[in-house]
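Coordinates in review
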Amino acid sequence: MQENLVIVESPAKAKTIEKFLGKDFLVKSSMGHIRDLEKKDFGIDIKNSFKPKYVISPDKKKIVTELKKLASEAKTVWLASDEDREGEAIAWHLQEVLKLDPKRTKRIVFHEITKDAIVGAIQNPRNLDTNLVNAQQARRVLDRIVGFEVSPVLWKKVKPALSAGRVQSVAVRLIVEREREIRDFKSVSSFRVNAIFLATGTDGKVSEVKAELSKRFDTKNEALAFLEKCKNAEFQVSDVVKKPGKRSPAQPFTTSTLQQEASRKLGFSVSQTMSVAQRLYESGKITYMRTDSVNLSNLALNSAKKKITDLLGEKYVKIRKHTTKSKGAQEAHEAIRPTYIEQETINGSAQEKRLYDLIWKRTIASQMQDAVLERTTITVDISTSPEKFVASGEVLVFDGFLKVYMEGTDEENGNGNGNGQELLPPLKSGDQLRANEISATEKFSQKPPRYTEASLVKKLEELGIGRPSTYAPTITTIQNRGYVVKEDKQGTNRKYSALYLKDGAIKEKTLNEITGAEKSKMFPTDIGTVVNDFLIKNFELIMDYNFTAKVEKEFDDIAVGKQVWNKMIEGFYNPFHERIETALEKSERSKGERVLGIDPASRNQVSVKIGRFGPIAQIGEALNDSDEKPRFASLRPGQSLETISLEEALELFRMPRELGEFEGKKVNVGIGRFGPYIRHNNKFVSLTKDDDPFSVTLERAEELIKLKREKDERSVLKEFDEDPDLKVLQGRWGPYISYKKKNYKIPKSVEPEKLNLADCMGIIEKTPKAKKAGKK
C-alpha cells in the first residue's frame, strides 16, 4: 500500500513537487478540474436552492478511475491544488468525485514550489475551506446564468452564434466607449513657444539654457505678435529655485502589474505573460502568479537585503513592507517574486528568462533606497512682455533603485516636452541671457488613447471588475468572439506651422508629421459595437460598471463567510430572468442599421448593417410589393458601420468588375464571403493580402492565375482518363480523393500513387454519407 498520495492539477507541477518528497509520496495530476457545471438548465436546479448539477468531463473519466484506485490504496491523500479559490474548488471536487474519506484527506497550500514550502505545508495541513469553494462556485454559476440566458436573446435579436458574459461584456463596453470618444474628439491647435538662451559663466564659457514659455497661444497671429515683441527684448533671470526630490521604487508585482509591465517592456500579450509565468511557477522558479497582494515574506525581505548588500553595498538597501490597498486582496498571499532571490538568472526558454529577469529586478528594486534628485527651476523675465520663460532641470544625486530597475509607462499621448531632464548651468537672479533662437510651434491636442491589453487590465482593476485569475481569459475571450481586434493602425500625414526668431528675423516654415499611428491597440468590431448597444439598452444592470464591481465584492464576502452564496445568486436571478423574458418578448431586432443616403443611379436608399457573414452595405429595400431585389456588398477591412460615408459605400458596389480577357475568357475581380478573388473560366483565385481588389490590374490577375495553376498541377497525384471528375490530390492535411466537387479521405494504410479507378470508387462508396446539420 502507498503511504501518501499527493494530487495536484498539472503534470509540470507534479514533476517539480516530486523532487522534494521522498519515496513515501506518490504525486499525480488531475489535469485541472475533473468536474464542471452541467449545461442543461444552465447547470442550476432552480427549485433546489440553486444547487449546481455537476458532471464529470468525458475526457477525465480515465483519470478519475486511476485516482480512485490510488486513493483507496493510500493511507493519506494530500490535496495540493493552488491556493486561490479555483484551486480550493478543484480540491473540493476531487474529494467529492473520488469519495475521499475526510479522516484520511488533508489539504495543503503553498505559494512557492520549494522544498521548505512543501515540507512546511505537509507539517501544517488544514481542512478544505468551504467559503472559498462557495465563492468560486458562486462566480461560475452567476457567469453561467448570464452567459446561457443572455446569449439566446442575442441569437434571436442580433445574430446567431453570439455570446455574452458578465465581465467580458463590460470589457467590450469600455473599448466601444473609448472608440466613440476618439471618433467624437475634435483636435484643437495651439502654439507652444520654446527658447534656447545663451548664458556666459564667470570663466567666459557659454552654456545653453532651454526654456518654455508659461503660456500657449491659440492662433498663429498671437504667436507671431509675441515673437515681434521678443526681437528687441532683454532677458533676465528673475528667480532660481532648487529643491531636493526623490523617486521611490514600484511595489513588487501583482498579477495585473506584471501583465502591464511585461506588455510595456517585453511586448508580451496578457495571455502570453500568464502562460510563461505559469511555467516559471510550476518549475519552482517564482511564487504563485495569480495574486493581488504586494506583501513579501520575511524570508524574501532578508534574502533581498543580503543580495543587494552583496551586489551594491549596504547604502543601497531600504527594506519596505508593502501593504495592499486594493479591495479583496488576500495578504496571506505574497507578491510575485523569485523563489530564490539570490538567483539572478535561470535556465529555460528565452521568454522564461526575460520574464524572470523582469520579476527579479522588480523584486530587488522594491527593497532599495530611493533615488535622490536635485530639481532646479529658473524663471526668465522678458522686458517687453509680462509672460515668463521657465527652464527646468534635474540632477541625479544618488541613483538608488534606478541602478537596477525603472518602471515603464504607457506614454500614450507623448506630451512630454523633453525639458524635464536638462542639466542647467549655475545661474543666479539678475543674470542676463541672450536669446539664440525662439520658436513657436503648432501643437495639437491629443485624442484619448485606445486601450492596449495592459491598459485595459489596469482600467478593469481600477473599476474593481474581475480578479487576478480573470483578466487574461477575459481579454482572450473578447478577441476570440470577434467583438474586439488587436491590431496596428498606420498614421496619417499632418502639416503644422512653425515660426522661428533668430538674429532679429522671423521665418515661417510648414512642416509635416505622422499622427495617429498606433501599435497593438484594441479596436471594437462592428458586431462588438452592435452587441454592446443592444445589451446596454436591454440589460443595463449587467453592463453597469458599479454592478460588476459590487458582484466582485459579494464574492469576496462569500469567501470570508459573510454571505451565503446561493442566497446571493437567488437575489440576482429572479429579477434578471424577468428581464430576459421581457427582452425576448418586447425588444426590437438590432442589426446596427444606419441609412447613409440615396444612390444617384437607382434613386434607392443606401444603408449599412450587420449581415449574416459580417458588416454589409445595401442598396434598396426588401419590399413585398417590389420586384427589384436589394443589392449587397461586404465592407472592406478598416471600414466601420458608424463611420463609413455614402461615397465609400457606393464604391463597394463597383464589385465585381471586369479587368479584360485572358486566353479568350473574361477576367473578373470581386469580393466574396471569404475575401477578394479573381474569376476566370469559372475558376476562382484568391487575391493576396497585398492585392487591392479595387486597383488590381489584368497583368497581376494573369500572374495569380498562372501561379494557382502551377500549385494545382503540383497537387495532382493521379488523374483518370475514364472519369475526368476523379482525381487523387495532395492537400494541406495529406492526400485525398476529389470526385464531383466532394472530397474523400484516403486511409493511411493505402499508398495514393498506386490507387486505380476501382480502388478510388471503393473508398468513395465506403465513406459514410455526411449527416445534414439540424436546425438549432
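A brief structural summary. On a predicted model such as this, the values are computed, not experimentally measured, just so you know. (Residues numbered from 1 in each chain as written. Predicted model: local features only at pLDDT ≥ 70, side-chain atom pairs only at ≥ 80, totals over all residues. Heavy atoms only, no water.)

**Examining the pairing of strand β14 (residues 432–444)**
Selection criterion: A pair of strands is treated as paired once DSSP finds two or more bridges between them. Secondary structure elements follow DSSP: runs of H or I of four or more residues count as helices, runs of E of two or more count as strands, with numbering from the N terminus.
Where strand β9 (residues 189–200) and β14 come together, 10 bridges link them in antiparallel fashion. Note that in β14 the partner of Ser190 across the bridge is Lys443. Two elements, strand β11 (residues 235–247) and β14, share 2 bridges in a ladder whose sense is antiparallel. Bridging across to β14, Gln236 finds its partner in Gln432. In this structure, β14 lies alongside strand β16 (residues 492–502), joined through 4 bridges in antiparallel fashion. Across the sheet, residue Thr441 finds its bridge partner in β16, namely Ala498.

**A look at the nonpolar core**
Most often, soluble globular proteins keep nonpolar side chains buried together rather than apart. How we decide: To form a nonpolar core, buried Ala, Val, Leu, Ile, Met, Phe, Trp, Tyr and Cys residues must be joined to one another through side-chain atoms within 4.5 Å. Relative accessibility under 20% of the residue-type maximum defines a buried residue, over 50% an exposed one, and the middle range a partly exposed one, all with a 1.4 Å probe and only protein chains included. Throughout, a contact is declared for two residues whenever any of their heavy atoms are within 4.5 Å.
Core analysis: the largest hydrophobic core is formed by 135 residues, its most contacted members being Phe110, Val150, Leu154, Leu355 and Phe539. Per element, the largest residue contribution to this core is 10 residues, and it comes from helix α5 (residues 130–157). Once residues lying within four places of it in the same chain are set aside, the contact partners of Leu355 are Leu258, Ala262, Leu266, Phe268, Thr273, Val276, Ala277 and Leu280.

**Things to note about the side chain of Thr363**
What counts here: Between N or O atoms, a polar contact is any pair within 3.5 Å; within protein, one atom must be a potential hydrogen donor and the other a potential acceptor, and residues adjacent in sequence are included only when both atoms are from side chains.
The residue Thr363 is located in helix α11 (residues 350–365) in this model. In terms of polar contacts, Thr363 uses its side chain to reach the backbone carbonyl oxygen of Ile359, at 2.7 Å. Not counting residues up to four positions away in its chain, the partners in contact with Thr363 are Leu296, Ile336, Arg337, Pro338 and Ile341.

**A look at the side chain of Asp526**
Heads up, the rule is: Positive charges come from Lys and Arg alone, negative charges from Asp and Glu alone, with His and the N- and C-terminal ends not counted. The salt bridge criterion pairs a side-chain nitrogen of Lys or Arg with a carboxyl oxygen of Asp or Glu, the two atoms within 4 Å.
Tracing the backbone shows Asp526 in helix α14 (residues 526–538). One buried charged residue, Asp526, remains without a salt bridge, the closest side chain of opposite sign being Arg594 at 8.4 Å. In this structure Asp526 touches Ile610, Pro615, Leu635, Gln639, Ser640 and Leu641, once residues within four positions along its chain are discounted.

**Section: a nonpolar patch on the surface**
Under the convention used in this document: Without a salt bridge and with relative accessible area above 30%, a residue can belong to a patch; like charges are then joined within 9 Å and nonpolar side chains (Val, Leu, Ile, Met, Phe, Trp, Tyr) within 5 Å. Here, Shrake-Rupley sampling with a 1.4 Å probe gives the accessible areas, and only protein chains in the shown set may cover a residue.
There is a patch of nonpolar side chains on the surface, built from Val372, Val395, Val397 and Leu423 and spanning about 340 Å² of accessible area. Tracing the chain through its elements places Val397 in strand β13 (residues 385–398).

**Describing helix α2 (residues 61–73)**
Which entries qualify depends on this criterion: For a helix, the expected span equals 1.5 Å multiplied by the residue count minus one. The arc in question is traced by the directions running from the helix axis to the C-beta atoms.
For α2, built from 13 residues, the straight-helix expectation of 18 Å at 1.5 Å per residue is met to within 8% by its first-to-last C-alpha distance of 19 Å. Listing the buried residues of α2 in full gives Ile63, Val64, Leu67, Leu70 and Ala71. Buried positions in α2, seen along its axis, are confined to an arc of 135° and lie on one side of it. Looking at α2, the residues exposed on the side facing more than 90 degrees away from the buried face are Lys61, Lys62, Thr65 and Lys69. Of the surrounding secondary structure, the elements contacted by the buried residues of α2 are β1 (4–8), β2 (25–29), β6 (54–56), β7 (76–79) and α3 (85–97).

**A look at the pattern of salt bridges**
Summed over all chains, the structure comprises 56 salt bridges. Notably, a salt bridge pairs Glu344 with Lys307, separated by 3.2 Å at the nearest N-O pair. In this pair, Glu344 is assigned in the loop between α10 (298–312) and α11 and Lys307 in helix α10, connecting sequence segments 37 residues apart. Residue Asp691 is joined to Arg700 by a salt bridge in which the shortest nitrogen-to-oxygen separation is 3.0 Å. Judged by its relative accessible area of 13%, Asp691 is buried. Taken together, the shared-partner salt bridges in this structure form one network comprising Glu9, Lys13, Asp82, Asp84 and Arg290.

**Focus: the sheet that holds β1**
Put simply, the rule reads: With axes taken as lines fitted to C-alpha atoms, and helix axes fitted only over the stretch in contact, angles between N-to-C directions fall between 0 and 180 degrees.
What the 4 strands build is an open sheet, ordered β2-β1-β7-β8; its pairing is parallel. Unpaired on one side and paired on the other, β2 and β8 (105–107) mark the two borders of the sheet. Looking at each pair of strands side by side, their axes are set apart by 25° on average, direction ignored. Pairing geometry for β7 and β8, over 3 bridges, is parallel. Across the sheet, Val77 pairs through a bridge with Thr105, a residue of β8. Each of β1, β2 and β7 touches α2; the most contacted strand, β2, lies at about 165° to it.

**Description of the layout of surface pockets**
Think of a ball as big as a water molecule: rolled over the atoms, this probe shows where empty space is left. Here is the rule: A 1.4 Å probe that fits but cannot get out identifies a cavity on a 1 Å grid over protein atoms alone, an open set with protein on both sides within 12 Å along at least five of seven lines counts as a pocket, and a residue lines either if it has an atom within 4 Å of a point. Grid points are joined across faces, edges and corners, and a volume is the space filled by probe spheres set on the points. All amino acids are sorted into three groups, where Ala, Val, Leu, Ile, Met, Phe, Trp, Tyr, Cys and Pro are nonpolar, Asp, Glu, Lys and Arg are charged, and the leftover types, Gly among them, are polar.
Of the volumes computed, that of the second largest pocket is approximately 1,400 Å³. Around the second largest pocket, the lining is made up of 50 residues, and of these Arg139, Arg140, Asp143, Thr470 and Pro473 lie nearest the centre. In terms of residue class, the lining of the second largest pocket is made up of 14 nonpolar, 21 polar and 15 charged.

**Focus on the packing of helix α12 (residues 453–462) against helix α13 (residues 471–480)**
Basically, it comes down to this: An angle counts as roughly parallel when it lies under 35 degrees, as roughly antiparallel when it exceeds 145, as roughly perpendicular when it falls between 65 and 115, and as oblique in every other case. In this scheme the crossing of two helices becomes right-handed for a clockwise turn of the near helix relative to the far one and left-handed for an anticlockwise turn of less than a right angle.
Where α12 contacts α13, the two axes come as close as 11 Å, and the packing angle between them is 120°. With respect to their mutual orientation, α12 and α13 come out oblique. The hand of the α12/α13 crossing is right-handed. Here Glu453, Leu456, Val457, Leu460 and Glu461 of α12 lie close against α13, whose contacting residues are Tyr471, Ile475, Ile478 and Gln479. Residues of the contact of α12 with α13, tallied by class, amount to 6 nonpolar, 1 polar and 2 charged.

**A few points about the packing of helix α9 (residues 270–282) against α13**
Put simply, α9 and α13 touch, their axes get as near as 8 Å, and they point 140° apart. When the axis of α9 is compared with that of α13, the two are oblique. Remark: the crossing between α9 and α13 carries left-handed chirality. Residues Val270, Ser271 and Met274 of α9 pack against Tyr471, Ala472, Ile475 and Thr476 of α13.

**Details of unusual backbone geometry**
The amide bond that connects Met655 to the next residue, Pro656, takes the cis arrangement and shows omega of -10°. Backbone geometry at Glu663 places phi at a positive 55°, although glycine is not the residue there. The topology assignment puts Glu663 in the loop between β23 (657–662) and β24 (665–672).

**Considerations on empty space enclosed by the protein**
Taken as a whole and judged by the stated rule, the model has 2 cavities of 30 Å³ or more. Around the largest cavity, the lining residues are Gln168, Ser169, Val172, Tyr483, Gly528, Val531, Asn532, Leu535 and Met543. Secondary-structure elements contributing two or more residues to the lining of the largest cavity are α6 (166–184) and α14. The element that contributes the greatest number of residues to the lining of the largest cavity is α14, accounting for 4 residues. Of the pockets and cavities examined, the second largest cavity occupies roughly 30 Å³.

**A closer look at the pairing of strand β17 (residues 505–515)**
Sheet topology note: the β16/β17 ladder contains 11 bridges and is antiparallel. The residue bridging Lys495 from the neighbouring strand is Asn512, located in β17. Remark: 2 residues form the turn of the hairpin made by β16 and β17, two consecutive strands paired antiparallel; Asp503 in that turn has positive phi of roughly 55°.

**What about the environment of Phe235?**
Structurally, Phe235 is set in strand β11. In the structure, Phe235 is positioned 147 residues away from Ile382 in sequence and 5.1 Å away in space, judged by C-alpha atoms. In this structure Phe235 touches Phe197, Cys230, Val380, Asp381, Ile382, Phe389, Asp431, Gln432, Leu433, Ala435 and Ile438, once residues within four positions along its chain are discounted.

**Remarks on the packing of aromatic side chains**
Our working definition: Ring pairs shown here join Phe, Tyr and Trp side chains whose ring centres sit within 6.5 Å, with only the six-membered ring taken for Trp; geometry is labelled stacked below 30 degrees between planes, edge-to-face above 60, and tilted in between. Here, a charge over a ring means that NZ of Lys or CZ of Arg falls within 6 Å of the ring centre while also lying within 35 degrees of the ring normal.
All told, the structure shown has 12 aromatic pairs when counted by the stated rule. Aromatic side chains Tyr316 and Phe398 sit 4.9 Å apart centroid to centroid with 40° between the ring planes, which places their arrangement in the tilted category. With a gap of 82 residues between them, Tyr316 in the loop between α10 and α11 and Phe398 in strand β13 connect regions that are remote in the sequence. The class for Phe398 is buried, based on a relative accessible area of 18%. Taken together, Phe197, Phe217, Phe226, Phe235 and Phe389 form an aromatic cluster joined through their ring pairs. A cation over an aromatic ring shows up here: Arg173 above the ring of Tyr545, its NZ or CZ 4.8 Å from the ring centre. Between the NZ or CZ atom of Lys509 and the centre of the ring of Tyr500, over which it lies, the distance is 5.4 Å.

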